[in-house]
Amino acid sequence: MSSADITNLLGRAEQLISRLEGLLPHALQEPDWSAAIAWRYRKRGSGWGGAVLDPIRHVSRISYSDLKEVDMQKERFSRNLAQFVAGRPANHVLLTGARGTGKSSLVKAGLDAHAAEGLRLIEVDKADMVDLPDLIERVAARPERFIVFCDDLSFEDGEPGYKALKSILDGTVSAAGDNVLIISTSNRRHLLPEYHSDNKTYKHTDDGELHPGEVVEEKISLSERFGLWISFYPFSQAEYLAIVGQWLSHFGLSAEAIEAARPEALVWALERGSRSGRVAYQFARDLVGRQGAQA
C-alpha cells in the first residue's frame, strides 16, 4: 500500500470517527448560570443527540397578587415553596384541575417571588423525563435551589418517562437532591388515562369494603408520590368577572369602564365555553387592544 493510499485511508477514518462522535451521547454541558433565572432542558438532534440547558431570557413576569380567586391554592403553594427556598423540608407538588385556572401561573409567581433568593426553574418536557436523574445530578452541587417543572404532564400506558419520574419521587425531597423540587401541572389527577374497564379490577371484601385492583393501584401510585396535591376548580360567574376586573384594572381601565365591560366579558366566556382565568386575561387583552386602536 502506497503512502498516498495510507493517507487517504486515514482521512476517511477521521471523517468516520467525526461522524460517529456526532451520534454518540454527549454529557449535559454546564451552562452560564448567571444568564437567566429559568432554563429549558432540550435535546438537540434525534436519538443520541446532545442535551442542553437553554436560558429563557424573557421570563413571563407575574406575582402572587396578580392571581385572583385562588387564595387557598396560593397559600398552600407559597408556604411549601418558601420552606424549600429556606432549606427546610418541603414536598414535591402536583397541581391538577380545570384548564386555565392558574396552575402554571402559580409556578411563575413563585419563581418571581424567590428568584432574588437563588430560586431557579428548569422546564422539562414529559418526553425528556427519562433524563431526569442525569439532570438532577448535574445541579446537585449548585448553590441555587431548583424547581424542575413539567407543565401539562400526563402519561400514556408504557411511556418510559413514567418510571423515571416515579423513581425520583419515591421518598423525600432529599431523594431527588436537597436543592431540587419537582412541580408538575396536569388535567389528570392520576397522570395516567383511566378507563371504564379499570373498575372491573375492584374487589369486594367479606366486610363490604371496596378495594382497588392492581391496575388502579398502579395508576394512583405515581400521583400519590407528590407530597402536596393542590386542586383547581372551574370559576363561578362572579369569580370570572372578578378576574376580568383585575386584569382590566391592571391594563389601566377605570372602575366605570370595567363595569361597562361585564356583559361583553360574559359573552366572550360563553363563546369559548369556559370561565377560566386564561379566558378572562384574553378578554382583557382583546378589549384594551381594541379600545387602543379606536382611540
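Residues numbered from 1 in each chain as written. Predicted model: local features only at pLDDT ≥ 70, side-chain atom pairs only at ≥ 80, totals over all residues. Heavy atoms only, no water.

Peer 1: Break down the overall build of the chain for me, citing the residues and quoting the values.
Peer 2: Within the chain one finds ten helices and nine strands. Scored against the burial criterion, the 295 residues of the chain give a buried share of 42%. For the chain, the computed accessible surface area is about 16500 Å², with 51% contributed by carbon and sulfur atoms. (Helix = DSSP H or I, 4+ residues; strand = E, 2+ residues; numbered from the N terminus. Buried < 20%, exposed > 50% of the residue type's maximum accessible area, 1.4 Å probe, protein only. Areas by Shrake-Rupley, 256 points an atom, 1.4 Å probe, with all protein chains shown as cover.)

Peer 1: Give me the lowdown on the sheet that holds strand E2 (residues 51–55), citing residues and values where you can.
Peer 2: Here we have seven strands laid out as an open sheet, ordered E2-E1-E4-E5-E6-E3-E9, and mixed in their pairing. Across the chains shown, the open sheet's two edge strands, defined by having one partner strand only, are E2 and strand E9 (228–232). Within the sheet, the average angular offset between the axes of one strand and its neighbour, ignoring direction, is 25°. One ladder, built from five bridges, connects strand E3 (residues 93–97) with E9; its direction is parallel. Along E9, the bridge assignment pairs Leu 94 with Trp 229. With respect to the sheet, helix H2 (residues 71–85) is in contact with E3, strand E4 (119–123), strand E5 (145–150), strand E6 (180–186) and E9, its orientation differing from that of E9 by roughly 150°. Strand contacts of helix H4 (residues 132–139): strand E1 (38–43), E2, E4, E5 and E6, with the helix running at about 140° to E6, the strand carrying the most contacts. (Pairing = 2+ DSSP bridges. Axes fitted to C-alpha atoms, helices over the stretch in contact; angles between N-to-C directions. Contact = heavy atoms within 4.5 Å.)

Peer 1: If you had to explain the pairing of E1 to someone new, which residues and values would you point to?
Peer 2: Bridge count between E1 and E4: three bridges; the pairing is parallel. Across the sheet, Arg 40 pairs through a bridge with Glu 123, a residue of E4. When E1 meets E2, the two strands line up antiparallel, connected through five bridges. The residue of E2 that forms the bridge with Trp 39 is Pro 55.

Peer 1: Can you break down the environment of Leu 153 residue by residue, with the values?
Peer 2: Take Leu 153: it is sitting in the loop between E5 and helix H5 (161–169). We classify Leu 153 as buried; its relative accessible area is 0%. For the pair formed by Leu 153 and Thr 185, sequence separation is 32 residues and the distance between their alpha carbons is 5.9 Å.

Peer 1: Can you lay out the packing of aromatic side chains for me, pointing to particular residues and giving the numbers?
Peer 2: Within this structure, the stated rule accounts for six aromatic pairs. Both rings, one in Trp 268 and one in Phe 283, keep their centres 5.8 Å apart while their planes meet at 65°; by these two values the pair is edge-to-face. Taken together, the positions of Trp 268 in helix H9 (residues 262–272) and Phe 283 in helix H10 (residues 277–294) put the pair 15 residues apart, joining distant regions of the chain. Here the aromatic cluster, defined as three or more aromatic residues joined through ring pairs, consists of Trp 33, Trp 39 and Phe 146. A cation over an aromatic ring shows up here: Arg 145 above the ring of Phe 84, its NZ or CZ 4.5 Å from the ring centre. Here the guanidinium or amino end of Arg 272 rests over the ring plane of Trp 268, the centre of that ring lying 3.5 Å away. (Phe/Tyr/Trp six-rings, centres within 6.5 Å; stacked < 30°, edge-to-face > 60°. Lys NZ or Arg CZ within 6 Å of the ring centre and 35° of its normal.)

Peer 1: Before we move on, could you go through H9 and cite the residues and values that matter?
Peer 2: Within the span of H9, buried status applies to Ala 265, Trp 268 and Ala 269. Considered in projection along H9, the buried side chains sweep an arc of 95° and stay on one side of the axis. Seen from the open side of H9, the exposed residues pointing more than 90 degrees away from its buried face are Pro 263, Leu 270 and Glu 271. Looking at the residues trailing H9, positive phi occurs at Gly 273, about 65°. (Arc of directions from axis to C-beta.)

Peer 1: Got a sec to walk through the pattern of salt bridges? Specific residues and values, please.
Peer 2: Summed over all chains, the structure comprises ten salt bridges. The partner of Glu 75 in a salt bridge is Arg 79, with the nearest N and O atoms 3.4 Å apart. Note that Glu 75 and Arg 79 are positioned in helix H2 at a spacing of four residues, about one turn of the helix. Judged by its relative accessible area of 41%, Arg 79 is partly exposed. Here Glu 259 ties to Arg 262 by a salt bridge, and the two come within 3.6 Å at their closest N and O atoms. In this structure, a network of salt bridges that share partners links the residues Glu 264, Asp 286 and Arg 290. (Salt bridge = Lys/Arg side-chain N within 4 Å of Asp/Glu carboxyl O.)

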